[in-house]
Amino acid sequence: MLMKHQVYRSGMTLIEVMIATLLIAVALSAMLGANGYVTQVNRAGGDLSVAQSLLEHIKEKTEALPVADPETSNAVFGPEEDDWTAYDDLDDFDGASFCPPIDGRGDTLPQWSTFTQQIVVENVKVDDLTAPVADLDSNFYRVTVTILSQESEVTSATWIRCLYSEAE
Ligand SMILES: [Ca+2]
Ligand SMILES: [Ca+2]
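Residues numbered from 1 in each chain as written. Chains lettered and ligands numbered in written order. Predicted model: local features only at pLDDT ≥ 70, side-chain atom pairs only at ≥ 80, totals over all residues.

Chemist: Before we move on, could you go through the pairing of strand β4 (residues 140-149) and cite the residues and values that matter?
Modeler: The sheet contact formed by strand β2 (residues 115-125) and β4 spans 10 bridges and is antiparallel. Of the residues in β4, the one forming a bridge with V121 is V143. The sheet contact formed by β4 and strand β5 (residues 152-162) spans 10 bridges and is antiparallel. Bridged to T144 within β5 is T158. (Pairing = 2+ DSSP bridges. Helix = DSSP H or I, 4+ residues; strand = E, 2+ residues; numbered from the N terminus.)

Okay, structure coming up:
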């Protein structure tokens, strides 16, 4: 009777130990998982702040330029120049993509070479700035800049520029 009681008690202890081990394992894996999550969030936050500064660089670069080409005015939509370093008006940057990205002065930023700046310039309706129209069909230009990190979008921004015709 005494023997049986002892076996019973030791069996209970073994189950308790197993449950305790299992609980520790679950707690550990949850902690490790949480750590991984924190690292991911930190990296995403770092990517976002870099992406926002890369977006500002494009804004700075294009806002310094006129909407129409200084020589040919708005006869052509898109670049009149072969090399982007000679771009001198806003729509020259339509379809441009920079990887490594560039800063506001046009210098490349090799330290951020995993990022890409993509630029789209479109004419949009005067009474609906979200509706694109054919090239040169309006005086309103919508600029969309998208920043990608390793081919996935991190952030983007859109703004409007306006061409005031000389007749006005
Ligand atoms: Ca030009
Ligand atoms: Ca142009």
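Read on, since the account is not over.
Chemist: Could you give me a rundown of the nonpolar core, with the residues and numbers involved?
Modeler: Side chains of a nonpolar character, in soluble globular proteins, are inclined to be buried together. Ranked by internal contacts, the top residues of the largest apolar core, which has 15 residues, are A51, L54, F115 and I147. Breaking this core down by element, the ones donating at least two residues are α1 (2-63), β2 and β4. Sorting elements by how many residues they give to this core places β4 first, with 5 residues. (Core = buried A, V, L, I, M, F, W, Y, C linked by C-beta atoms within 7 Å. Buried ≥ 20, exposed ≤ 12 C-beta atoms within 10 Å, placed from the backbone.)

Chemist: So, unusual backbone geometry: which residues are in play, and what are the values?
Modeler: With an omega of 0°, the peptide bond running from C99 to P100 counts as cis. Examined against the element boundaries, P100 turns out to sit in the loop between β1 (97-98) and β2. Positive phi outside glycine occurs at L136, with the angle close to 70°. Within the secondary structure, L136 is located in the loop between β3 (128-132) and β4. Classification of L136 as partly exposed rests on a count of 15 C-beta atoms within 10 Å. Non-glycine residue Q150 carries a positive phi angle of around 45°. Classification of Q150 as exposed rests on a count of 9 C-beta atoms within 10 Å.

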